[in-house]
Amino acid sequence: MPKQSPIPDAMDKPFWDACNEGRLVIQNCKACNLMQHPPQRDCNSCGSGANLEWKQVSGRGKIYTYGVVYDSPVALLQADQPYNVAIIQLAEDHEVNMLSHLPGVPLDEVPVGATVQVIFEPTQATGQKVPEWKVVS
Amino acid sequence: MADAPAYGGDGTPFSHVSMYRNKEGLGVWEHKGKVAAVGIGHSPTSRRWDGTPENTVGAWAILALRKAIEDAGVRPDQVDGLVLDPQTTTGAHWPAERPVPMDVVNAFNPSKDPLDGIAKLSASWILKNMPELTNVKFTMYAMGCMTNALVVAAQAVGDGRTNTCLVLKGWHNLDGRYYQGGANAQDTIAGGAKWTNLWAGPACFTTATQFQAYCKKYGKSHDMMAPYVVESKKNGLNFPEGFFAQNRPEPLTVEDYLSARWVAKPANLYDNDIPIMCSSAFLLASAERAKDMKQKPVYIWNQCSTDALYYGPQVEGYSPKRAGRGIISTLEDVEAITDSTGRKMLEGAGITSKDISFENMYDGFSLFHQFHIEGLGYAGIKRGEALDLYQTDISNDGPHPVSPSGGNIGSGRTRVWQHTDSIQQIQGRAGARQIKKKAEIGVSGGPMPDGGNFLVWSATPS
Ligand SMILES: [Zn+2]
């Protein structure tokens, strides 16, 4: 599904660069041993930015829940309405989640609880790759 | 603060983190019963600005403030404080290429910013255009919501920084479809929106997924929302100050609700609130000062907030914190946060959930109202039981009125009706919405379950 191309900024550039290399990296606080996404200046738990690092994760996750979008204000998404949007919980830490259109899954038939694997799709405007997720079981 | 000059450049400070009670275990609010709401003022409502000076958000703010002053029965020169939200957008922003109509700007005493009074409201613009307010010594910005402004004003009055304080929230809405255009129309996306814009879009999406998870966890269905939404619309039609009562007085039936188009399934059209224009004001005073005013004082027993402040980036001294560690707050996140909010609200007021006569927790979106009231244990409910409560008599004549104001669903997006109604219920002047049971203690607040500000109102000071 066509998407807007995200424009990286200083804080999230390592995430988007990794996507272009086919790797999923998540911000992690070494002091708290907690990941967070999207990246922030400081750790959401201890409030310090001193111990933040980028951690590569397996790219495995689980479908937590989903919605079906019929009326998106984002112009690029409107041609594909209605479409699924699932919330993916990372295998390494269920409190970290990301969104997915779940390519290949029929409308409103999202297998909640199923295992998914990350893939990286190029976006049209800049070629920036973005994470998407495929059902594997 | 970086964007302070955008609001008149008048040096009005933003609220400070020390004014918020956003932790559990703080005990009873030190100003419980010592601050009261007395006066209420509302402008008319409309869907969008008609381009005339008399119907700008600024003109309507002046109108609402004057009504609140008159309603309380004070002289304008007795007002010594003003707390307001300088942002007035419903999501509609003034297009950069669109010239600002100078006839409108010059119909008022303008500030340095031509959009002041049209698409924003600074304290200095208000004071310049209300020359009768000769003694305002305390001004403060509280961003985003009337609820934020009310908790900040309540704390300021309790702390003695102002004794007779106006609290203002205005909303402007302009031509064009809500949120269409701007960054949403581009083929690239920068900033924080990128994390959701690539996939989702509609504002109700997150709430829809939380509701989806809720239904799965507790075996509930979207249909079970119908009695609550229909009742909210009914209460809205009994709210003469509200949008639907004034502009579209048609009732909603269960069939209408169940056949409405989806926006982000399981959120349909009627689960969303409609962006409107309206300005609203309240007059708060110390309990001592409120005693001789025209209306019965409604005492504030508690003001509190979620740990992660929803308007955190604009709160002085606060290091913004997110509600969770993912893009989307999950059902588990919102349940934990609304449990905590419920405990904070009761603890700070020194009450139990049994003491609450009625609830006006936020509803813009309808699909998260249950998180708020389950967290409070309203009507004795536990997690997963709110939709069962909705199948009982939740009307204003029944034992457990749910959202007697009708909220945003009933009267349009102001995030103000729930406070107006709480005050009016306790004052006994809610008219056709007056609850049959005695209105002794009410609760209101929002906006989001995972981020908001909350108030406990009472008929008596202690
Ligand atoms: Zn940390």
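Please refer to the structure higher up on the page.
Reading guide: rules and limits
Residues numbered from 1 in each chain as written. Chains lettered and ligands numbered in written order. Predicted model: local features only at pLDDT ≥ 70, side-chain atom pairs only at ≥ 80, totals over all residues. Heavy atoms only, no water. Phe/Tyr/Trp six-rings, centres within 6.5 Å; stacked < 30°, edge-to-face > 60°. Buried < 20%, exposed > 50% of the residue type's maximum accessible area, 1.4 Å probe, protein only. Lys NZ or Arg CZ within 6 Å of the ring centre and 35° of its normal. Helix = DSSP H or I, 4+ residues; strand = E, 2+ residues; numbered from the N terminus. Donors = N, O, S within 2.8 Å, 3.2 Å for Na, K, Ca; no water. Tetrahedral: all angles 85-135°; square planar, octahedral: opposite > 155°, others 65-115°. Contact = heavy atoms within 4.5 Å. Pairing = 2+ DSSP bridges. Axes fitted to C-alpha atoms, helices over the stretch in contact; angles between N-to-C directions. Parallel < 35°, antiparallel > 145°, perpendicular 65-115°, else oblique. Nonpolar A, V, L, I, M, F, W, Y, C, P; charged D, E, K, R; others polar.

Caption draft 1: Here's a closer look at the packing of aromatic side chains. All names here are of chain B. Within this structure, the stated rule accounts for 15 aromatic pairs over all chains. When the centroid spacing of 6.1 Å and the interplanar angle of 75° are considered together, the rings of F365 and F368 count as edge-to-face. Take F368: its relative accessible area is 0%, and that puts it in the buried class. Three or more aromatic residues joined by ring pairs make a cluster, and in this case those are F211, Y214, Y218 and F371. Seen from the ring of W301, K32 lies directly overhead, with NZ or CZ sitting 4.1 Å from the centre. Positioned above the aromatic ring of W94, the side-chain terminus of R98 is 4.4 Å from the ring centre.

Caption draft 2: How the structure looks around unusual backbone geometry. For the bond from Q81 of chain A to P82 of chain A, the omega torsion is -10°, close enough to zero to count as cis. Residue P266 of chain B follows K265 of chain B across a cis peptide bond; omega there is 10°. For P266 of chain B, the location among the structural elements is in the loop between β6 (262-265) and β7 (267-268). Even without being glycine, D108 of chain A reaches a positive phi, approximately 60°.

Caption draft 3: Structural context of the coordination of the zinc ion. All names here are of chain A. Distances from the zinc ion to its protein donors, C29 (SG), C32 (SG), C43 (SG) and C46 (SG), fall within 2.2 to 2.3 Å. Classification of the site at the zinc ion rests on its four donor atoms, whose angles at the metal span 103 to 114°, yielding the label tetrahedral. The motif formed by the donor residues of the zinc ion, counted along the single chain, is C-x2-C-x10-C-x2-C. Highlighted residues: C29 in strand β2 (residues 25-29) and C43 in the loop between β3 (34-36) and β4 (52-56), separated in sequence by 14 residues. A relative accessible area of 1% places C29 in the buried class. Judged by relative accessible area, C43 falls into the buried class, the value being 3%.

Caption draft 4: View of the environment of A213 of chain B. Residue position: A213 of chain B is located in helix α6 (residues 205-218). C-alpha separation for the pair A213 of chain B and D307 of chain B, spaced 94 residues apart in sequence, amounts to 23 Å. Contact partners of A213 of chain B, with chain neighbours within four places excluded, come to Y64 and T65 of chain A together with L331 of chain B.

Caption draft 5: View of the sheet that holds strand β8 (residues 278-286) of chain B. All names here are of chain B. Spatial strand order, β3-β2-β4-β8-β1-β9-β12-β11-β10: nine strands in an open sheet with mixed pairing. This sheet does not close on itself; its edge strands, each paired only once, are β3 (138-141) and β10 (358-361). Within the sheet, the average angular offset between the axes of one strand and its neighbour, ignoring direction, is 25°. Together, β9 (298-305), β10, β11 (441-448) and β12 (451-458) form the strand contacts of helix α11 (residues 331-349), whose direction differs from that of β9 by roughly 140°.

Caption draft 6: Representation of the side chain of R21 of chain B within the structure. Here R21 of chain B shows up in the segment before β1 (35-42). Non-local contacts of R21 of chain B, meaning those with residues more than four positions away in its chain, are made with L26, G27, V28, W29, E30, N302, Q303, C304, S305, K344 and G348 of chain B.

Caption draft 7: Examining the packing of α6 of chain B against helix α12 (residues 369-376) of chain B more closely. All names here are of chain B. Direction vectors running N to C along α6 and α12 enclose 55°, while the axes themselves pass 10 Å from each other. Between α6 and α12, the angle falls in the class oblique. Of the residues in α12, those touching α6 at Q210, F211 and Y214 are Q370, F371 and E374. Considered class by class, the residues forming the contact of α6 with α12 number three nonpolar, two polar and one charged.

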